[in-house]
Amino acid sequence: MDDINKLYTLIKEAKHLVALTGAGVSTLSGIRDFRGKNGLYNEMDADKIFSIEYFEKDPSFYYNNAGSFIYNLDEKEASIVHTVLGQLERLGFLKALITQNIDLLHQKGGCKNVIEIHGSPITHYCLRCSGVNVSYEEAAAVVRKGEMPKCPKCDRVLKPAITFFGEALPAQALKKSVTESQKADVMLVLGTSLTVHPAAGMPQYTLRNSGKIVIVNNMPTPLDNMAFMHFDDLATVFEGLKSIIGNN
Ligand code: CNA
């Protein structure tokens with residue numbers, strides 16, 4: 001608990017605290033990560049499911065395989081990591097949260113300043129017709145019937161506003177992520193293997209400006225030797241923080 005107290009002091013005294021989160025923070029909500037111990041890569045080709053090149057050729061591969069991951073998100077609950085991060089924001093400690101996740105759980109956990117650097121499935125749009133936006137709920141209802149959401153104008157299959165491999169990141173989110181990472185004097189790097197760039201490069205902006213990074217991850221990351229503090233288990237760290245903060 002000494003280390004958690006030290007971490008809480010670092011959080012409390014930070015001038016500009018930023019968090020970067022990855023799929024690991026949602027494993028506690030029952031959503032599998034990609035490269036962790038029980039990751040989806042062990043049994044499916046996630047690169048292909050989320051490939052723009054492949055989607056353009058055959059969108060059914062995405063809809064058939066992502067169904068159980070993306071289109072049952074409304075059943076998933078925020079975990080202790082999401083809710084304590086929401087609390088840290090409410091208390092004025094956490095200034096921005098950059099997430100690689102596409103599961104909308106940080107918002108469920110109460111965070112308002114969420115930068116979704118890989119987009120999200122909150123809308124589905126047509127790759128051909130501009131101005132077509134179908135909500136997550138509408139798209140999910142179609143997918144749950146075993147069909148694919150289609151453009152009301154041209155009938156082409158709609159794509160979720162998730163950034164697929166091979167696509168550019170949302171420009172505004174990327175710009176904001178870089179600015180926040182540069183401003184951060186402390187960055188919490190949580191549940192990410194730090195392998196998908198440019199998101200994985202955000203802690204480097206903090207380090208370059210003499211900021212500190214704290215890594216919580218149960219597998220090695222390329223920045224472990226640069227971390228001011230390192231913890232393995234997200235649940236232990238966030239339950240510890242919760243016991244210090246209480247219900248404030
Ligand atoms: P990743 O590469 O799967 O890494 C996750 C990391 O978290 C792994 O190193 C795990 O070992 C670690 N981890 C898992 N659970 C815990 C735990 N309880 N305590 C400590 N560490 C843990 O995922 P990244 O986010 O780094 O990779 C970026 C990809 C994954 C993004 O493009 C995401 O969109 C994509 N993704 C997102 C979700 C989601 O939205 N929930 C799920 C799966 C993949």
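Further up the page is the structure itself.
Everything quoted here is computed from the prediction, not taken from an experiment.

A. Quick peek at the site of the ligand. Around the ligand sit 27 residues in total, of which Arg35, Asp103, Thr192, Ser193 and Asn218 are the nearest. Thr27 is positioned with one of its side-chain polar atoms (N or O) 2.9 Å from a nitrogen atom of the ligand. The separation between an oxygen atom of the ligand and a polar side-chain atom of Ser193 is 2.5 Å. In isolation the ligand exposes 860 Å². Once the protein is present, 95% of that is buried.

B. The arrangement of the packing of aromatic side chains in detail. Evaluation of the coordinates by the stated rule reveals 15 aromatic pairs. Pairing Phe50 with Phe69 gives two aromatic rings, centres 6.3 Å apart and planes at 80°, and the pair type is edge-to-face. Linking Phe50 in the loop between helix H2 (46-49) and helix H3 (52-57) with Phe69 in helix H4 (residues 59-70), this pair joins segments that are 19 residues apart in sequence. With 6.2 Å between their ring centres and 55° between their planes, Phe55 and Tyr63 make a pair best called tilted. As far as burial versus exposure is concerned, Phe55 and Tyr63 are alike and both buried. Here Lys159 stacks its cationic end above the ring of Phe164, 4.3 Å away from the centre of that ring. The residue whose ring lies beneath Lys212 is Phe228, and the NZ or CZ to ring-centre distance is 4.9 Å.

C. Representation of the pattern of salt bridges within the structure. Scanning all chains against the criterion turns up two salt bridges. With its nearest N and O atoms 2.9 Å apart, the salt bridge here joins Arg144 to Asp74. Of this pair, Arg144 sits in helix H7 (residues 136-144) while Asp74 sits in the loop between H4 and helix H5 (80-90), placing them 70 residues apart in sequence. Residue classification places Arg144 among the partly exposed residues on the basis of a relative accessible area of 47%. Among the salt bridges present, the one from Lys159 reaches Glu167, with a minimum N-O distance of 3.1 Å. Residue classification places Lys159 among the buried residues on the basis of a relative accessible area of 0%.

D. Structural view of helix H8 (residues 171-183). An ideal rise of 1.5 Å per residue puts 18 Å on 13 residues; H8 measures up with 18 Å between its terminal C-alpha atoms. Along H8, the residues classified as buried are Ala173, Ser177, Val178, Glu180 and Ser181. Among the structural elements, strand S1 (17-21), strand S2 (94-99), strand S3 (114-116), strand S7 (186-190) and helix H9 (202-208) are those in contact with the buried residues of H8.

What counts and how
Residues numbered from 1 in each chain as written. Predicted model: local features only at pLDDT ≥ 70, side-chain atom pairs only at ≥ 80, totals over all residues. Heavy atoms only, no water. Near = heavy atom within 4 Å. Polar contact = N/O pair within 3.5 Å; in protein donor to acceptor, adjacent residues only side chain to side chain. Areas by Shrake-Rupley, 256 points an atom, 1.4 Å probe, with all protein chains shown as cover. Phe/Tyr/Trp six-rings, centres within 6.5 Å; stacked < 30°, edge-to-face > 60°. Helix = DSSP H or I, 4+ residues; strand = E, 2+ residues; numbered from the N terminus. Buried < 20%, exposed > 50% of the residue type's maximum accessible area, 1.4 Å probe, protein only. Lys NZ or Arg CZ within 6 Å of the ring centre and 35° of its normal. Salt bridge = Lys/Arg side-chain N within 4 Å of Asp/Glu carboxyl O. Expected span 1.5 Å × (residues − 1). Contact = heavy atoms within 4.5 Å.

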